[in-house]
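# Structure at a glance
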Amino acid sequence: MAELWSIYLWPGAIIVAKIVAILVPLLLAVAYLTLAERKVIAAMQLRKGPNVVGWFGLLQPVADGLKLFVKETVIPTGANKVVFVLAPMVTFVLALVAWAVIPFDEGMVLADINVGVLYLFAISSMGVYGVIMAGWASNSKYAFLGALRSAAQMVSYEISMGFVIVTVLLCVGSLNLTKVVMAQQNVWFAVPLLPMFVIFFVSTLAETNRSPFDLPEAEAELVSGYNVEYSSMTFALFFLGEYANMILMSALTTILFLGGWLAPFGFAPFTWVPGPIWFAAKISFVLFLFLWVRATFPRYRYDQLMRLGWKVFLPLSLLWVVVTAIALVAFGWVPQ
Amino acid sequence: MILSALAFYGFSTVAIAAGVMVISARNPVHSVLFLILAFFNAAGLFVLMGAEFLAFILVIVYVGAVAVLFMFVVMMLDINVVEMRQGFLQYLPIGGLIGTVLLLELIFVVTSWAVAPESGGLLAAKAPALTEAHNTEALGRLLYTKYIYLFQGAGMVLLLAMVGAIVLTLRGRPGVRRQRIGHQVRLRRDDVVEIKDVPTGTGI
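The residue count restarts for each chain, going from 1 along the sequence in the order it is written. As they are written, the chains are lettered A onward and the ligands numbered 1 onward, keeping that order. Since the coordinates come from a predicted model, pLDDT governs what is reported: local features require at least 70, and pairs of side-chain atoms require 80 or more to be given and counted, while whole-chain, interface and lining totals use all residues. Excluding hydrogens and water, the side-chain values take into account all heavy atoms of the structure.

## Examining a nonpolar patch on the surface
Residues and elements named next belong to chain A. Residues enter a patch when their relative accessible area is above 30% and they make no salt bridge; the linking distance is 9 Å between like charges and 5 Å between nonpolar side chains (Val, Leu, Ile, Met, Phe, Trp, Tyr). The Shrake-Rupley method, run with a 1.4 Å probe sphere, supplies the accessible areas, and residue values consider only the shown protein chains as cover. We count a salt bridge whenever a side-chain nitrogen from Lys or Arg sits within 4 Å of a carboxyl oxygen from Asp or Glu. On the surface, a cluster of nonpolar side chains totalling about 1,000 Å² of accessible area is made up of Val16, Val20, Val24, Leu28, Tyr32, Trp55, Phe56, Leu58, Leu59 and Val62. Strands are runs of DSSP state E lasting at least 2 residues, helices are runs of H or I lasting at least 4, and numbering of each runs from the N terminus. Of note, Leu58 is situated in the loop between helix 1 (2-44) and helix 2 (60-70). Throughout, exposure labels follow a simple rule: accessible area from a 1.4 Å probe, protein chains only, divided by the maximum for the residue type, with under 20% read as buried, over 50% as exposed, and the rest as partly exposed. Taking relative accessible area as the criterion, Leu58 reaches 37% and is therefore assigned partly exposed.

## Focus: helix 11 (residues 302-330) of chain A
All names here are of chain A. Between the first and last residue of a helix there are one fewer steps than residues, each counted as 1.5 Å, and that sum is the expected span. Here helix 11 spans 41 Å end to end across 29 residues, near enough to the 42 Å set by a 1.5 Å rise per residue. Residues Leu305, Met306, Leu308, Gly309, Phe313, Leu314, Ser317, Val321, Thr324 and Leu328 constitute the buried set of helix 11. Only heavy atoms enter the contact rule, under which two residues are in contact if any of them lie within 4.5 Å. Looking at the buried side of helix 11, the elements it contacts are helix 5 (141-172) and helix 7 (194-207). Immediately downstream of helix 11, the backbone of Gly332 shows phi near 70°, a positive value.

## What about the packing of helix 3 (residues 81-97) of chain A against helix 9 (residues 232-257) of chain A?
All names here are of chain A. Between helix 3 and helix 9, the shortest axis-to-axis distance is 8 Å and the interhelical angle comes to 25°. Looking at the two axes, helix 3 sits roughly parallel to helix 9. As helix 3 packs across helix 9, the resulting crossing turns out to be left-handed. Here Ala87, Pro88, Met89, Thr91, Phe92 and Ala95 of helix 3 come into contact with helix 9, specifically with Thr234, Leu237, Phe238, Leu240, Gly241, Ala244 and Asn245. In terms of residue class, the contact of helix 3 with helix 9 is built from 9 nonpolar, 4 polar and no charged. Note on geometry: axes are lines fitted to C-alpha atoms, helical ones only across the stretch in contact, with angles between N-to-C directions running from 0 to 180 degrees. Every angle not falling under 35 degrees, over 145, or within 65 to 115 is termed oblique; those three ranges are roughly parallel, roughly antiparallel and roughly perpendicular. In this scheme the handedness of a crossing depends on how the near helix is turned from the far one: anticlockwise by less than a right angle means left-handed, clockwise means right-handed. Under the scheme applied, nonpolar residues are Ala, Val, Leu, Ile, Met, Phe, Trp, Tyr, Cys and Pro; charged residues are Asp, Glu, Lys and Arg; polar residues are all the others, including Gly.

## Points about the nonpolar core
The biggest cluster of nonpolar side chains holds 115 residues, and the ones touching the most others in it are Trp99(A), Ile102(A), Tyr129(A) and Phe257(A). Counting residues per element, this core draws most heavily on helix 4 (residues 116-137) of chain A, which supplies 16 residues. Once you skip the residues sitting within four places of it in the chain, Tyr129(A) turns out to touch Val90(A), Ile36(B), Val63(B), Ala67(B), Val68(B) and Met71(B). To form a nonpolar core, buried Ala, Val, Leu, Ile, Met, Phe, Trp, Tyr and Cys residues must be joined to one another through side-chain atoms within 4.5 Å.

Laid out in structure tokens, this is it:
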């Protein structure tokens, strides 16, 4: 009995506690990201944004959540019920499970697996299922068209993202996310791999269906795309999943290019600030870029979106993989 | 470990059940979803064997890309399940033959392990020990040194297949107006705008 406790139950309890310690701040961050988005865009458009509920509108996310929670869940008659209910769950769960491998500081990670980068890439490539299942199960033209568009878009941009990740991995020599960060102690990869950083950031915009690539939610033509038939908490799960994905992609950008939890300079006073705070600050900066882009650029046309993904980013990132490999070998910088 | 045994039986049971559901589900989209579930459990079995690289490549390639395309095609086809069932008996002999051959091959492979246990050791000996290199690194060392020609050959075959598919489906339709972005960017104001001073009541 004591053995059962020491081998299974106690480690299990510790893992559950760690999961809670990751998920609670994450969900809070998701809630306040929605507020931050409205506030930032309002500031850029010389408005005030939400300022009625609570002090400076700080209780607005709570009010929004409550509103969605008490609404009625409507399941269309012609819908495929199981898949219809499954789709938002898939989206939300996939947005959360990816956080298992994100390192917040050296050793501060739930699962320090050897193939962390591949795990994240696999999880993000499965995000398309939530969308495509929702579109098909709704049994509605608009939802279906929106889902098809979205799926094609997400699959296209994954490929250039994959090549960007390969470039970073060439410079690291490992698929472990902690090692990826530790390889950036001298210089962040955003400096030597600046073009890849830009490509990766734009691809994450497309991958998370954010503006200017928010065609799946083109309210002007598809009355909001794949989630048009969803209401109440099923809709809220899509919404939460989308914002959790934004934070996840920002975290991935931070880890791959902006040095993760490392301080920008390796001396005091920068090193006095603990790693997780640097990590959060960098994620917030990338998230601000997401919002800034949304407030600045108009929506892409669909054929231009596909052209950018397949004819510009794909050859460019492929070329850069070769260039990086040649440079690493020629100058003897290949990591051991 | 009890946990890994439990996980093994869980993954394999769900994988087999999902496999059965792939061929027995009435709705083709459900079949694809069950296929994805089967892929997942296969990836779980890979992880249990310590082949985490293969597991995640399986998920990325099959679940993340191939099955998405399956879904695309199946969702857009208007498949009549009743009509498809009618051909069942007609295709049963050849399907049964292929199934029997596969089953026999599987039996031969498994029994050859049992009859000649050293044959499995021959396969395993080529990879560096797990303590020396992770399996990603071990795979890379083998693929890019010993099996480089086979690896490149497989790559060329896939490239050829891709080019072939494009050649077969590409058709140049006349009369399509395409956007030429270089041309648009090169345009100057004088090329497209002309200002005329038109006197009132006369027109151009």
